[in-house]
Every structure is written in C-alpha cells, then in structure tokens.
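This is what each chain is made of:
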Amino acid sequence: MQTSFVTSSTVAITGGYVVPIDGDPIESGTVLIVDGVIRAVGAHVDLPEGAEIVDAAGSWVLPGFVEPHAHLGVHEEAEGPAGDDTNEMTNPNGAALRAIDAINIDDLGFRDALVGGVTAAVIKPGSGNPIGGQSVAIKTWGARTVDEQAFRTAVSVKSALGENPKRVYGERKQTPATRLGVAKVIREAFVAAQNYAAERARAATDGKPFARDLGLDTLVAVLDGELIWDQHTHRHDDIATAIRLAEEFGYRLVVNHGTDGARIAGVLAEKDIPVIFGPMLTSRSKVELRTRDIANLARLAEAGVRIAITTDHPVVPINFLVHQASLAVKEGLDRDLALKALTINPAQFLGLDDRVGALREGLDGDVVIWSGDPLDVFSRAQRVFINGREEYSLEFGVRERD
C-alpha cells in the first residue's frame, strides 16, 4: 500500500514487467532513476545506498507516453472562448506566432494527461491558418511555469492544408479561399524566407545592420532543418500537395492526421514521410474525413509508413490516447508497434528521442507503472513519474505544484 508520494532524488522501481520499448521486455526488472535521469534498466541493477524503493511487482512499467499533436493549455477545457487561444486567424501567415505564449499549465487537460500515462506533449497552434506558428514540447506536470515545464521550446511549425484554412478565409472573401490559395500562401512565404536568408547572409558578410523579421526567422529555421514542418492534412490529394511543397523547398515534413493516408501509403513509405495519425474517436464531421477509419492506421503501417498516434486534444480527451492505440490493435495494428506509436516513434519524428520515448540510460525519468498491459482497457496508470518525481498516483491523485 502506498503511503505517500515518492520524494527521493534516487528512485528504484523494482519487480515489475519492464517494457523499455527499444529493447526486449524484462521480467521482474528494475528502473533506476537518479536526479531525474534514468541511470540503469535491467534484471539485475545495483542499487545505491539510500535509494527509495517502489515495488512494482505484478505491474507493467513503461516510459511515459508522448502526445505528438495536442492543444493542451492553448485550448483550455471548460473555459469556452475565454480559454481558446488556438488560432490567431487574422493573418494566413502566422509563422511569428508561438504556442508557448498562450499555454495555461493549469488547464484541466494536463491532469487528464497524467491519468492516461502521458508525460510529454507537443503543443501546437491550430489549423485555421496555412501557417499557424511554432510548437513547443513540454512535460505534462511538475513545474511552476510553462517555461520550466518546457523541455524543447521550438520543435516545429504547424501548417494546415485542406478545408480549415480555406473555410476561415473564404468566408471573408480573401485569400486563401481555395486549396490553390492555401498552397500559394505557403509557397510565397518560403520564397520570401529564401530571399531573406540570402539578404541576411550578405549583410553579415558586409558587416551591415539587418532588420529582423520574426516570421521569416522561423521559416528560415525550417529551411535550414532546425524546425520540422508539421502539416495538418487529411485527404490524399492534400497529402500529395504537402509532399510537393516539401520537395520544392527541401524541408523536413511530418504529416499530421493523415486519416486518408492509406490511399497513398506506398508513396509515403517510399519517401519515408512519417504520419502522426488521428484523432480516431471522432465522427466524420466534414468532407475530408469521409474516409476516416481506425483500420487505416494498420494499413499505413503494413505499407511501411512510420506512425505515431494523436488525440488532437481536446478533440479527443488526451487520457484516451492509449485507448485509441487499443482500438487500432483491434483493427489490425501490431500491438508492439502500437506501443511504439505512443512512445519512441513520436519522440523520433519530432527530434525528442534524446529525452523521452523509451526506458534507457540517459533519458529523462518519465516512467509509468500500469496495473497491467496498458493496451488492456481495464488497465490503469497507478503511478506516474516525470523527471524522476512522482506526480500522480491512483491512490493520491495529482501532486500539487510547489
């Protein structure tokens, strides 16, 4: 019986069925966390003196899940318009915007994340603009401010193709009102960024002052490979446009949603373009979702496409992330791949695998103890550790912030 939250800086989770994700499962294994970092994982681990022992016998031990596409804190729950800062729909090009500037870490969704075993999330602007702004990777609990909770302040740039941006601006009778117009906005923005980069380089060579532009700085970072291009796109023709634009400008593309991606799975596999798939637990609320089918995730994987899973919270509550994986397994997805799609895959797609996504020496101590196989709908997250600190337990709930 748990008597209190773990407080020690050295924690040994022992006796559980340890699933490292990037290695074979370990019966009666141990995960040792020292000063917030995993120091050892194995069947036989020497424990330092003074380590606080957490008995996980009869339980499953996994890395915390990684939600690769959410709107936690920028689209707050139970707040209505007052808490919705998802889209700055006043300019189709929002490259200068940053999700981190709108996140409220007291959003109820963060508590739900812990209940669902989600310890890290990439928070993105919405899909109302062709270019929505920068995303940020944060832990789902454990700090006083969003700046302290963030562990990668600039991950990607959110972009949207398809119905959403053309509806927003089409209703105003301004560009972009069509798919042609959406692609034009993106292409013009990148051409401007190429010109800006050349002018900036010339100014540096000549030792002349140069006026910065926040949006163009961001797009140049995309062109230089420093930021990923996160492309909201559902329909196969929009996915083809996403690929065409990425190849024209040479940036790193990750398809977000991709619910119709199975239609061109072979193309995605050949070009090695990963897909963050979902959300799955929704109705077919618009034309581009007509082919939405949970089984499409298995079809993508069978074709060789690298996959991850998203709730698009709050579209689907973030604590249902694992249930989407379970339903995908029911519809044909390999169960081991389903666990990777919740952990190491999204971490790799978004360049976060040096911190999260697996139980491995040197990674952050983000560990979840489950009552059983997390893909079993009856299993529950019993204890959640973020950076080695216990932030949630089934018995005591969410640990209050310092």
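Coordinates for the structure precede this section.
From a predicted model like this one, the values you see are computed outputs, not experimental measurements.

Novice: Can you lay out the pairing of strand β11 (residues 156–160) for me, pointing to particular residues and giving the numbers?
Specialist: Across the five residues of β11, five count as buried, placing the element largely inside the fold. Every second residue of β11 is oriented toward a common face, with Ser156, Lys158 and Ala160 on one face and Val157 and Ser159 on the other, all of them buried. Pairing between strand β8 (residues 131–134) and β11: three bridges, direction antiparallel. Along β11, the bridge assignment pairs Gly133 with Lys158. Of the strand pairs in this sheet, β11 and strand β12 (residues 228–233) are connected by five bridges, and their pairing is parallel. Bridging across to β12, Ser159 finds its partner in Gln231.

Novice: Got a sec to walk through the sheet that holds strand β15 (residues 307–309)? Specific residues and values, please.
Specialist: Pairing within the open sheet is mixed, and its six strands lie in the order β8-β11-β12-β13-β14-β15. Each end of this open sheet is capped by a strand with a single partner; those strands are β8 and β15. On average, each strand axis in the sheet is tilted by 25° relative to the strand beside it, whichever way the strands run. Summarising the sheet, strand β13 (residues 253–257) and strand β14 (residues 275–277) pair through three bridges and their orientation is parallel. Looking at the pairing, Asn256 lines up with Ile276 of β14.

Novice: I'd like to hear about unusual backbone geometry, residue by residue, with values.
Specialist: In terms of backbone geometry, most residues other than glycine have negative phi values and most peptide bonds are trans. With an omega of 5°, the peptide bond between Thr175 and Pro176 qualifies as cis. Inspection of the secondary structure assignment puts Pro176 in the loop between α3 (163–170) and α4 (179–206). The omega torsion of the bond from His313 to Pro314 falls at 10°, within 30 degrees of zero and hence cis. With respect to the helices, strands and loops of the structure, Pro314 is situated in the loop between β15 and α9 (321–330). In the Ramachandran plot, Ser28 falls in the positive-phi region, its phi being about 50° despite a non-glycine side chain. Locating Ser28 in the fold gives a position in strand β2 (residues 26–34).

Novice: Account for the packing of α4 against helix α6 (residues 236–249), with residues named and values stated.
Specialist: Taken N-terminus to C-terminus, the directions of α4 and α6 make an angle of 15°; their axes are 11 Å apart at the nearest point. Classified by the angle their axes make, α4 and α6 are roughly parallel. As for how α4 packs across α6, the hand of that crossing is right-handed. Contacts between α4 and α6 pair Arg179, Ala183, Ile186, Arg187, Phe190, Val191 and Gln194 from the former with Asp237, Asp238, Thr241, Leu245, Glu248 and Phe249 from the latter. Of the residues in the contact of α4 with α6, the class split is six nonpolar, two polar and five charged.

Novice: Report on the pairing of strand β1 (residues 10–18), specifying residues and quantitative values.
Specialist: Burial analysis of β1 places seven of its nine residues in the buried class, the great majority of the element. Here β1 runs beside β2; their pairing, made up of seven bridges, is antiparallel. In the strand pairing of β2, Thr10 is matched with Val34. Alignment of β1 against strand β4 (residues 52–55), held across four bridges, turns out to be parallel. From the neighbouring strand, Ala12 faces β4, where its bridge partner is Ile53.

Novice: Describe in detail the packing of α4 against helix α5 (residues 214–223), supporting the description with residues and values.
Specialist: The N-to-C vectors of α4 and α5 enclose an angle of 90°; their axes lie 9 Å apart at closest approach. With respect to α5, the element α4 is oriented roughly perpendicular. Here α4 contributes Ala189, Phe190, Ala192, Ala193, Gln194, Tyr196, Ala197 and Arg200 to the contact with α5, which in turn contributes Leu216, Asp217, Leu219, Val220, Val222 and Leu223. Looking at the contact of α4 with α5 residue by residue, the class counts come to eleven nonpolar, one polar and two charged.

Novice: Could you give an account of the nonpolar core, naming the residues involved and the relevant values?
Specialist: Within the largest apolar cluster, 85 residues are counted, with the highest numbers of intra-cluster contacts made by Ile123, Trp229 and Leu268. The residues touching Leu268, leaving out its near neighbours within four places in the chain, are Ile239, Ile243, Val255, Gly261, Ile273, Val275, Leu300 and Val305.

Novice: So, the pattern of salt bridges: which residues are in play, and what are the values?
Specialist: Inspection of the entire model under this criterion finds 26 salt bridges. Between Arg111 and Glu400 there is a salt bridge, with the nearest N and O atoms lying 3.7 Å from each other. Taken together, the residues span a long stretch of sequence, with Arg111 in helix α1 (residues 108–115) and Glu400 in the segment after β19 (397–398) at a distance of 289 residues.

Here is what the cut-offs are and how they apply
Residues numbered from 1 in each chain as written. Predicted model: local features only at pLDDT ≥ 70, side-chain atom pairs only at ≥ 80, totals over all residues. Heavy atoms only, no water. Buried < 20%, exposed > 50% of the residue type's maximum accessible area, 1.4 Å probe, protein only. Helix = DSSP H or I, 4+ residues; strand = E, 2+ residues; numbered from the N terminus. Pairing = 2+ DSSP bridges. Axes fitted to C-alpha atoms, helices over the stretch in contact; angles between N-to-C directions. Parallel < 35°, antiparallel > 145°, perpendicular 65-115°, else oblique. Left-handed = near helix turned anticlockwise from the far one by under 90°. Contact = heavy atoms within 4.5 Å. Nonpolar A, V, L, I, M, F, W, Y, C, P; charged D, E, K, R; others polar. Core = buried A, V, L, I, M, F, W, Y, C linked by side-chain atoms within 4.5 Å. Salt bridge = Lys/Arg side-chain N within 4 Å of Asp/Glu carboxyl O.

None of this, on its own, says anything about what the molecule does.
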